[in-house]
Amino acid sequence: MKIERASFGDAEEILRLQKLAYRREAERYNDFGIDPLVQTIEQLQKQFENHVVLKVVLHESIVGSVRAYDQDGTCFIGKLMVHPDHQNKGIGKMLMSAIEGSFPHSRYELFTGSKSESNIAFYEKLGYKTFKEKAISGITFVYFEK
């Protein structure tokens, strides 16, 4: 298993993983219109222009990914995902460490849904602290910083 920078050519496989990995979130909120499920291949490909996109490869398949960009000294981390068959094996922690390492002098910011208790516990375990909550389209998001 290795973490490496994803390439433009990985976009389709990452998008398939994203739609699989975020399905549980959509079910939790009974909202299948969440961004990770409706993002298009063109939108994801465009993110390669200004985001660092990392992937975890296992047996020639992408089983995890995360992306981030820096704006004015803040690294905005998003779309952390691990294939459901490979969760709870340390892949998410490895991806978070690697993406933080890509922006070593930044403040880090990310968010998750307020009902996503395992995500909230995961980010808190990594040293992230809640700094605000915001309701958008009926879902309350918890914002973290480090």
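The present account deals with the structure reproduced in this document. (Residues numbered from 1 in each chain as written. Predicted model: local features only at pLDDT ≥ 70, side-chain atom pairs only at ≥ 80, totals over all residues. Heavy atoms only, no water.)

## A few points about the sheet that holds strand S1 (residues 2–5)
By definition, the strands of a sheet pair up through backbone hydrogen bonds, in either a parallel or an antiparallel sense. Pairing within the open sheet is mixed, and its 7 strands lie in the order S1-S2-S3-S4-S5-S7-S6. Of all strands in the sheet, those with a lone pairing partner are S1 and strand S6 (129–136), marking the two edges. Strand-to-strand twist in this sheet, taken as the mean axis angle between neighbours without regard to direction, amounts to 25 degrees. Where strand S2 (residues 52–58) meets strand S3 (residues 61–71), 7 bridges bridge the pair, whose relative direction is antiparallel. Among the inter-strand pairings, Val56 is bridged to a residue of S3, identified as Gly64. Along the sheet, helix H1 (residues 11–21) makes contact with S2, S3 and strand S4 (74–82), crossing S3 at roughly 95 degrees. Those strands touched by helix H6 (residues 117–125) are S4, strand S5 (107–113), S6 and strand S7 (139–145), and its axis lies near 165 degrees from that of S5. (Pairing = 2+ DSSP bridges. Helix = DSSP H or I, 4+ residues; strand = E, 2+ residues; numbered from the N terminus. Axes fitted to C-alpha atoms, helices over the stretch in contact; angles between N-to-C directions. Contact = heavy atoms within 4.5 Å.)

## Description of unusual backbone geometry
With phi around 50 degrees, His59 is a residue other than glycine that occupies positive phi space. Here His59 shows up in the loop between S2 and S3. Even without being a glycine, Glu60 presents a positive backbone phi close to 65 degrees. By secondary structure assignment, the location of Glu60 is in the loop between S2 and S3.

## Description of the environment of Gln18
The topology assignment puts Gln18 in helix H1. Linking Gln18 and Lys79, residues 61 residues apart in sequence, is a C-alpha distance of 7.7 Å. With near-sequence residues (within four places) excluded, Gln18 lies in contact with Asp35, Pro36, Leu37, Gln39, Arg67, Lys79 and Met81.

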